[in-house]
Amino acid sequence: MKKKLLTLLLAAAMVLSLVACGEKKPAPGKDATATEPVVILHTNDVHGAIENYAKVAALADKYEAEGAYVLVLDAGDFSQGSSYVSLSEGATAIELMNMVGYDAVALGNHEFDYGFEALKKNMESAQFPVLAANVKYNGELAFDDAAVFTTPGGTKIGVFGLDTPETATKAHPGKIAGVTFAGGEEMYQIAQDMATMLREDEGCNYVICIGHLGIDDETATTANRSIDLLNKVTGIDVFIDGHSHSTEEEIVEKTNADRKVGETILTSTGTKLENIGVVTIKDSAITTECVATEGIEIPADSEIAARAAAIVDCNGQLQKLRPETVHLYLTHGSPLKSVHDYYFCDPTTDWALSQAPFFDAVNSYEFHIPPEKLVTLGFPRNDDLFTHKCDLKNIFGAEFDRFVVWYPTYRQHKNNLVATTDISIPVIHDPAAAAAVNEAARATNTLVIVKPHPAQDLAHIRALELSHLRFIDDGLFAAHGITSYEFLACTDALITDYSSVLFDYLLTGKPVGLTFEDIDAYARQPGFAIDPQ
């Protein structure tokens, strides 16, 4: 593929100085040359379907041979989904994308599955810019925000990237500490600033957004869909979407026959490289289509096909060398809350473990597990729940008669509002309510120990110094060399709401209190796999 003229906006000051010296900008929305078509190939949510990267390269070569200026872009979730990429934490995906000649990528939520530090290290080998305008680390832009590509004829294409704010809760909070994902109005403003900057400051003729936002109804409650953004932002010609695995037909159902939101064309290819998106710009007209990968008859790139086959074979050889090893799928919770759009069982999994027959159908649906792969083991989920390795009187004080633990699930994530409820924690809404709970506990000499979800920000009450109400985190377990379940085993009762710990604690025969204060709102987002009532 031909080498692109690329300007990363980290060097924006240099570009602006050139503009100030009299560089003539082409008129926005017009080709600098009408004889040179621009073709943008795009993918999204590849999820480890590496066998088809060779066809992406072949299609790019075809269009270049026909005289087009070709860009290849991806809208995220390329580093997770099968063992072909997950065993290397995404490194094999990046290797193949380098071979294809990708020009820029956005990040999906699954790029953060292995942690922020692992992602940064992995991306050091990427031969293309990683664009994430709404992602910051410790308050600073974590990756590039945008890039400008200039055709030999002078046409400028500006590209910027966005990642779903849902990453804040879909990735392990301990692995993305310090990383924030702007959503809602803040994300809209970032997108508007990007579009304006690319057109007015960079002189781009066309602006493309590669965004991992999606069009799911569940995301509508937080207004973080691509559709929501495009109803507020102008100046984007094409929005290449990801996250919801939507096809163009599904986008038509949510928009219109032209797939336009305002003046922006919205497009997406589905998932697993079933299709390759093609955006064509010629004579100031923009057209989009998706080409079914199976229907591409031109020969695949032999070098890329061979490397992908070697990766697939390597995975197979590993299993042959260790025939006694099987792939098991383990989840962290019995899904009272819906996780259908958050977790996907790796297709290479041999067996998926289910806790009890009651959960089989739920697990099959929520985790996308074929029923024939389910193995029902029966309770308990964690034997630590039936041990007594800790003495809470030694940890918290001998003066208390009993210990009640309170495990609320998250409502408002520290990085982004996820649930539709407007409370941060049931009952203990503010310092005054916390003081009232403290007094009630003091009357029976009970210590109430609250362990918020790791993603929950309760700084407004966590710092209170109350005699019979304490807030803890995983640091307490580490300090005393115990697990969360070993801690639970030593308590006298549990208070919770929609946390999966409910099902485990029931086995102890100890009292369980439930707080369903915001059940109607929580049912709307994220929803329930099992009706808690």
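Here the structure is shown first, and the text comes after it.
The residue count restarts for each chain, going from 1 along the sequence in the order it is written. Only residues with pLDDT of 70 or above have their local features reported here, since the model is predicted, and side-chain atom pairs are shown and tallied only from 80 upward, although totals for entire chains, interfaces and linings are computed over all residues. No hydrogens and no water enter the side-chain calculation; it runs on all heavy atoms of the structure.

## Quick look at the overall build of the protein chain
- Counting its secondary structure elements, the protein chain contains 19 helices and 24 strands.
- Summary of the burial criterion: residues with accessible area below 20% of their type's maximum are buried, those above 50% are exposed, and those between are partly exposed, where the area comes from a 1.4 Å probe applied to protein chains only. For the protein chain, the proportion of its 533 residues judged to be buried stands at 55%.
- Restricting the contact set of the protein chain to residue pairs at least 6 apart, pairs at least 24 apart contribute 72%. Note on conventions: DSSP H or I runs of at least 4 residues are helices, E runs of at least 2 residues are strands, and numbering of each starts at the N terminus. Contact between two residues is taken to exist if any of their heavy atoms lie within 4.5 Å; hydrogens are not considered.

## Considerations on the packing of helix α2 (residues 53-65) against helix α4 (residues 91-100)
- Remark: α2 packs on α4, axes separated minimally by 9 Å, with the N-to-C direction vectors making an angle of 15 degrees. In terms of orientation, α2 and α4 fall into the roughly parallel class. When you trace α2 past α4, the crossing you get is right-handed. Contacts between α2 and α4 involve Tyr53, Val56 and Ala57 on the former and, on the latter, Leu96, Met97 and Val100.
- Polarity classes work like this: nonpolar for Ala, Val, Leu, Ile, Met, Phe, Trp, Tyr, Cys and Pro, charged for Asp, Glu, Lys and Arg, and polar for all others, with Gly in that last group. A per-class count over the contact of α2 with α4 returns 6 nonpolar, no polar and no charged. The angle between two axes is taken between their N-to-C directions and runs from 0 to 180 degrees, where each axis is a line fitted to C-alpha atoms and a helix contributes only its stretch in contact. To sort the angles, those under 35 degrees are grouped as roughly parallel, those over 145 as roughly antiparallel, those from 65 to 115 as roughly perpendicular, and the leftovers as oblique. Each crossing is labelled by how the near helix is turned from the far one, with a counterclockwise turn of less than a right angle marking it left-handed and a clockwise turn marking it right-handed.

## What about the pairing of strand β14 (residues 264-267)?
- Both faces of β14 are covered, namely the face carrying Thr264 and Leu266 and the face carrying Ile265 and Thr267.
- Where strand β12 (residues 238-241) and β14 come together, 3 bridges link them in parallel fashion. For Val238, the partnering residue across the bridge sits in β14 and is Ile265.
- The pairing criterion is simple: DSSP has to find at least two bridges between the two strands. One ladder, built from 2 bridges, connects strand β13 (residues 260-261) with β14; its direction is antiparallel. By the bridge assignment for β14, Lys260 is matched with Ile265.

## Notes on the nonpolar core
- Judged by nonpolar contacts, the single largest core of 48 residues is most densely connected at Leu41, Tyr53, Tyr102, Phe112 and Phe143.
- Among the secondary structure elements, those contributing two or more residues to this core are β2 (38-43), α2, β3 (69-74), α4, α5 (116-123), β10 (179-181), β15 (275-282) and α11 (302-321).
- Counting residues per element, this core draws most heavily on α2, at 7 residues.
- The definition of a nonpolar core used throughout is a set of buried Ala, Val, Leu, Ile, Met, Phe, Trp, Tyr and Cys residues joined through side-chain atoms within 4.5 Å. Judged by nonpolar contacts, the second largest core, of 28 residues, contains Ala182, Met187, Met197 and Leu266.

## Observations regarding the side chain of Gln80
- Within the secondary structure, Gln80 is located in the loop between β3 and α3 (83-86).
- In this structure Gln80 touches His47, Gly48, Val85, His110, Asp113 and Tyr114, once residues within four positions along its chain are discounted.

## Notes on the packing of aromatic side chains
- Aromatic pairs are defined between Phe, Tyr and Trp rings, using the six-membered ring for Trp, whenever the two ring centres lie within 6.5 Å; interplanar angles under 30 degrees are classed as stacked, those over 60 as edge-to-face, and all others as tilted. For the coordinates displayed, the defined rule picks out 9 aromatic pairs.
- Seen from their ring centres, Phe112 and Phe181 are 5.1 Å apart, and the 85 degrees between their planes marks the pair as edge-to-face. Residue Phe112 is located in the loop between β4 (104-106) and α5, and its partner Phe181 is located in strand β10; the two are separated by 69 residues in the primary sequence.
- Under the relative-accessibility criterion, Phe112 is labelled buried at 0%.

## Side note on the pattern of salt bridges
- Note on definitions: salt bridges are taken to be side-chain nitrogens of Lys or Arg within 4 Å of carboxyl oxygens of Asp or Glu. A full pass over the atoms with the stated rule returns 8 salt bridges.
- Across the salt bridge formed by Lys232 and Glu185, the nearest N and O atoms sit 3.0 Å from each other. Taken together, the residues Lys232 in the loop between α9 (226-230) and β12 and Glu185 in helix α7 (residues 184-201) connect sequence positions 47 residues apart.
- Residue classification places Lys232 among the partly exposed residues on the basis of a relative accessible area of 49%.
- A relative accessible area of 54% means that Glu185 is categorised as exposed.
- Between Arg199 and Asp237 there is a salt bridge; the shortest N-O distance is 2.5 Å.

## Some thoughts on α2
- The end-to-end C-alpha distance of α2 is 19 Å, a good match for the 18 Å that 13 residues give at a rise of 1.5 Å each.
- Listed in full, the buried residues belonging to α2 are Tyr53, Ala54, Val56, Ala57, Ala58, Leu59, Ala60, Tyr63 and Glu64.
- Gly67 occupies a position one or two residues after α2 and carries a positive phi of about 100 degrees. Here the expected span of a helix is defined as 1.5 Å times the quantity of residues minus one.

## Describing empty space enclosed by the protein
- Residues are called lining when one of their atoms sits within 4 Å of a cavity or pocket point, these points coming from a 1 Å grid over the protein atoms alone, where a cavity is a set in which a 1.4 Å probe fits but cannot get out and a pocket is an open set with protein on both sides within 12 Å along at least five of seven lines. Grid points are joined across faces, edges and corners, and a volume is the space filled by probe spheres set on the points. What the rule picks out here adds up to 2 cavities of 30 Å³ or more.
- Of the pockets and cavities examined, the second largest cavity occupies roughly 30 Å³.
- Every residue along the wall of the second largest cavity is listed here: Phe78, Ser79, Glu89, Gly90, Ile94, Glu111, Tyr114, Leu119, Asn122 and Met123.
- Split by residue class, the lining of the second largest cavity holds 5 nonpolar, 3 polar and 2 charged.

## Some thoughts on the sheet that holds β15
- The sheet built from 6 strands is open, its strands ordered β5-β4-β3-β2-β15-β16 with mixed pairing. Pairing within the sheet leaves two strands with one partner each, and these edge strands are β5 (130-131) and β16 (285-292).
- Here α2 sits on the sheet in contact with β2, β3, β15 and β16, set at roughly 175 degrees to β2.

## Observations concerning the environment of Leu488
- For Leu488, the location among the structural elements is in helix α17 (residues 484-489).
- Using a relative accessible area of 1% as the deciding quantity, one classes Leu488 as buried.

## Description of the pairing of strand β21 (residues 446-450)
- Here β21 lies mainly inside the structure; 5 of its 5 residues are buried.
- Residues Thr446, Val448 and Val450 line one face of β21 and the alternating positions Leu447 and Ile449 line the opposite face, and both faces are buried.
- Two strands pair when backbone bridges link them, and strand β20 (residues 402-407) and β21 are joined in this way by 5 bridges, in the parallel orientation. Among the inter-strand pairings, Val404 is bridged to a residue of β21, identified as Val448.
- Bridge analysis of β21 against strand β22 (residues 469-471) gives 3 bridges, and the strand direction is parallel. Residue pairing across strands places Val448 opposite Leu469, the latter belonging to β22.

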